[in-house]
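# Architecture and fold: a report
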Amino acid sequence: LSGTDGCGTKVKLAFIMDKHDTIGIDAVAMCVNDVVCAGGEPLFFLDYIACGKNYPEKIATIVGGVAEGCRQSECALIGGETAEHPGLMPVDEYDVAGFAVCVVDRKDLITGQDIKPGDTLIGIASSGVHSNGFSLVRKVFEKELTKEGLSTYYDELGKTLGEALLEPTRIYVKALKSVKKAGVKIKGCSHITGGGFYENVPRMLPDGVKAVIKKDSYEVPPIFKMLAEDGNIEEHMMYNTFNMGIGLVLAVDPADVDTVMAAVKAAGETPYVIGSIEAGEKGVTLC
């Protein structure tokens, strides 16, 4: 199995804050979280950094983040490419992307084909906005997009706005390995990225079933409440753009729920029972 991805326009915040040590974690997370949804265990990773000008210290900091992401994913960083693009990109800007290769036995593939009405949906907490929806984030916080604005502390966040937004994407490799080790077969798995719940959850579903998710089954992190209020964004749009506090959704047999919850907690993540599978047209109902 393989996957490739980047961090989108989240890098813009790293430029403003001149903080480059976590964006590499995001690049790894976006790749490996997609691939583990199919049951894969990451083997190795390659990164690609395009920059206007190669500042060795800055590149080393970015790659340090990539290496940390690989440590969290228990995979090897075996190489990469740093490309200097003078005249194409401003000297102080860069973009980072990556590529992950995973392995899985065919019998352990997570395909979603066995999902049936009555199955339980377990959500694993996100660390915040992760690496999607940042074009909208930047529009909402347009006036705050200065070093000073992003360094402003907000009581409701318990940290500065910049810290909340640059918080690295959670990596769910260990959580899924822990579930597998506990002897549970995950029926379906969805990484909540761009398109939020409405576009990502249906990807794991076979025809004839729908996911019913209870919005009050977990606490939505304050950064999303702040985005909705400051941007005057209606609820459907929020759930169609952001992860809203849930980074990964698993579909499991009801008999396995306690084992899965314990395994996810043992891996250091926070799980919630967020809904169930019902018969109906393929899609998601939030209630």
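Here, the structure is the one placed above.
Overview of the structure. (Residues numbered from 1 in each chain as written. Predicted model: local features only at pLDDT ≥ 70, side-chain atom pairs only at ≥ 80, totals over all residues. Heavy atoms only, no water.)

Turning our eyes to something else, we now look at the pattern of salt bridges. Evaluated as defined, the whole model comprises 16 salt bridges. With its nearest N and O atoms 2.7 Å apart, the salt bridge here joins K177 to E74. With K177 in helix 7 (residues 173–181) and E74 in the loop between helix 3 (56–73) and strand 3 (76–84), the pair connects residues that are 103 residues apart, well separated along the chain. Judged by its relative accessible area of 22%, K177 falls in the partly exposed class. Taking the relative accessible area as the measure of exposure, E74 reaches 43% and is therefore partly exposed. In this structure, K215 and E235 form a salt bridge, with 2.7 Å as the shortest nitrogen-oxygen distance. With K215 in the loop between strand 9 (209–213) and helix 9 (222–231) and E235 in helix 10 (residues 235–239), the pair connects residues that are 20 residues apart, well separated along the chain. Its relative accessible area of 24% is what places K215 among the partly exposed residues. Residue class for E235 comes out partly exposed when judged on its relative accessible area of 45%. Through salt bridges with shared partners, one network takes in E41, D105, K107, D108 and K180. (Salt bridge = Lys/Arg side-chain N within 4 Å of Asp/Glu carboxyl O. Helix = DSSP H or I, 4+ residues; strand = E, 2+ residues; numbered from the N terminus. Buried < 20%, exposed > 50% of the residue type's maximum accessible area, 1.4 Å probe, protein only.)

If you trace the 6 strands from one edge of the open sheet to the other, you get 8-10-5-11-9-12, paired in mixed fashion. In this open sheet, the two edge strands, each paired with only one partner strand, are strand 8 (188–191) and strand 12 (283–286). Strand-to-strand, the axes of this sheet are offset by a mean angle of 25°, without reference to chain direction. Here 5 bridges tie strand 9 to strand 11 (residues 271–279), and the two strands are oriented antiparallel to one another. Within strand 11, the residue paired with K210 across the bridge is E278. (Pairing = 2+ DSSP bridges. Axes fitted to C-alpha atoms, helices over the stretch in contact; angles between N-to-C directions.)

Attention now goes to the pairing of strand 8. Side-chain alternation along strand 8 places G188 and S190 on one buried face and C189 and H191 on a second face that is also buried. As defined by bridge partners, strand 8 adjoins strand 10 (residues 246–252) across 4 bridges and the pair is classed as antiparallel. Bridged to H191 within strand 10 is L248.

A few words now on the nonpolar core. Core analysis: the biggest nonpolar cluster contains 43 residues, and L165 and F197 have the highest contact counts within it. Leaving out residues up to four positions away in the same chain, F197 has contacts with I192, P202, I213, Y218, Y239, F242, N243, M244, I246, V284 and L286. Ranked by size, the runner-up nonpolar core spans 32 residues in total, among them I25, F45, C75 and L248. (Core = buried A, V, L, I, M, F, W, Y, C linked by side-chain atoms within 4.5 Å. Contact = heavy atoms within 4.5 Å.)

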